[in-house]
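Coordinate inspection notes
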Amino acid sequence: MKTRSILLLSVGLLLGSTAGAQTEGEKHSYTILLSGASFATPNNGWFEFGCEALGAEPVNRAVSGESIADCAQKMQAGTLYSHQELETIDALVLMHVHDRNVFEDEHGRMREKAEDYEAPFDRGNYAGAYDYVIKKYTADCYNLQFDPQSKWYGVPFGKPAIIVVCTHWPDSREVFNTSV
């Protein structure tokens, strides 16, 4: 329960900070994309209930057995979200539960830009996969400013990129929590 409350509060605060001017009586509808593994799959329902409480549209791409490397593979292949979904996603939530270091890449494979990464992603390189996912989503949002078909066209720095990294059982995930 503690983790769900923190996630809802975090996403709610982040989205509230990007809401801009709002007229009285106007209801904001957000879209939140979730990538994760078994704990986050739609059949568990917690993400969908949380989105309902926020008045947000859930886009749940969690699949049992997937790691952050699988998320990176999907992003690199262009299948995690479509161009239209990128336009409407207000936050990307990463819920890949593990106890791995996501800050230091012991293999020295961190890259300067997302496009410097090569497929396939190594399932053992969690830091590199997280690095890619964060850089790729940020770059995709930034580049919308150059797309004449985008509502973010001409907006300096493009679309704001909101990424929420979360876990479950926070006290038992010492390596992950410290490295985040």
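Our subject is the structure that appears above.
Everything in this summary refers to the structure shown in the same document. (Residues numbered from 1 in each chain as written. Predicted model: local features only at pLDDT ≥ 70, side-chain atom pairs only at ≥ 80, totals over all residues. Heavy atoms only, no water.)

Some remarks on the pairing of strand β1 (residues 30–36)
Most of β1 sits inside the fold, with seven of its seven residues counted as buried. The alternating pattern of β1 places Tyr30, Ile32, Leu34 and Gly36 on one face and Thr31, Leu33 and Ser35 on the opposite face, and all of these are buried. In terms of strand pairing, β1 meets strand β2 (residues 56–60) through five bridges, oriented parallel. Of the residues in β2, the one forming a bridge with Leu34 is Asn60. Taken together, β1, helix α2 (residues 46–54) and β2 form a β-α-β motif whose crossover is right-handed. In terms of strand pairing, β1 meets strand β3 (residues 91–95) through five bridges, oriented parallel. Note that in β3 the partner of Ile32 across the bridge is Ala91. (Buried < 20%, exposed > 50% of the residue type's maximum accessible area, 1.4 Å probe, protein only. Helix = DSSP H or I, 4+ residues; strand = E, 2+ residues; numbered from the N terminus. Pairing = 2+ DSSP bridges. Right-handed = clockwise from strand over helix to strand, strands pointing away.)

Some points on helix α3 (residues 68–77)
Those residues of α3 that sit buried are Ile68, Ala69, Asp70, Cys71, Ala72 and Met75. Tucked inside the fold, the buried residues of α3 contact β1, β3 and α5 (126–143). Capping of α3 at its N-terminal end is provided by Ser67; its side-chain oxygen lies 3.1 Å from the backbone amide nitrogen of Ala69. Once α3 ends, the next one or two residues include Gly78, with phi positive near 80°. (Contact = heavy atoms within 4.5 Å. Polar contact = N/O pair within 3.5 Å; in protein donor to acceptor, adjacent residues only side chain to side chain.)

Describing the pattern of salt bridges
The final tally for this structure, using the stated rule, is four salt bridges. For Arg61, the salt bridge goes to Glu85, with nearest N and O atoms at 2.5 Å. Of this pair, Arg61 sits in the loop between β2 and α3 while Glu85 is found in helix α4 (residues 83–88), placing the two residues 24 residues apart along the sequence. Where Asp140 meets Lys136, a salt bridge forms, and the shortest distance between an N and an O atom there is 3.0 Å. Pair noted here: Asp140 and Lys136 are both in helix α5, with a separation of four residues, about one helical turn. Assessed through its relative accessible area of 17%, Asp140 is described here as buried. (Salt bridge = Lys/Arg side-chain N within 4 Å of Asp/Glu carboxyl O.)

Considering the sheet that holds β2
Across the sheet, which stays open at both edges, the four strands sit in the order β2-β1-β3-β4 with parallel pairing between neighbours. Sheet topology places β2 and β4 (163–165) at the edges, where each strand pairs with a single neighbour. Between one strand axis and the next, the sheet turns through 20° on average, direction left out of account. In the packing of α2 onto the sheet, the strands contacted are β1, β2 and β3, and the crossing angle to β2 comes to about 160°. (Axes fitted to C-alpha atoms, helices over the stretch in contact; angles between N-to-C directions.)

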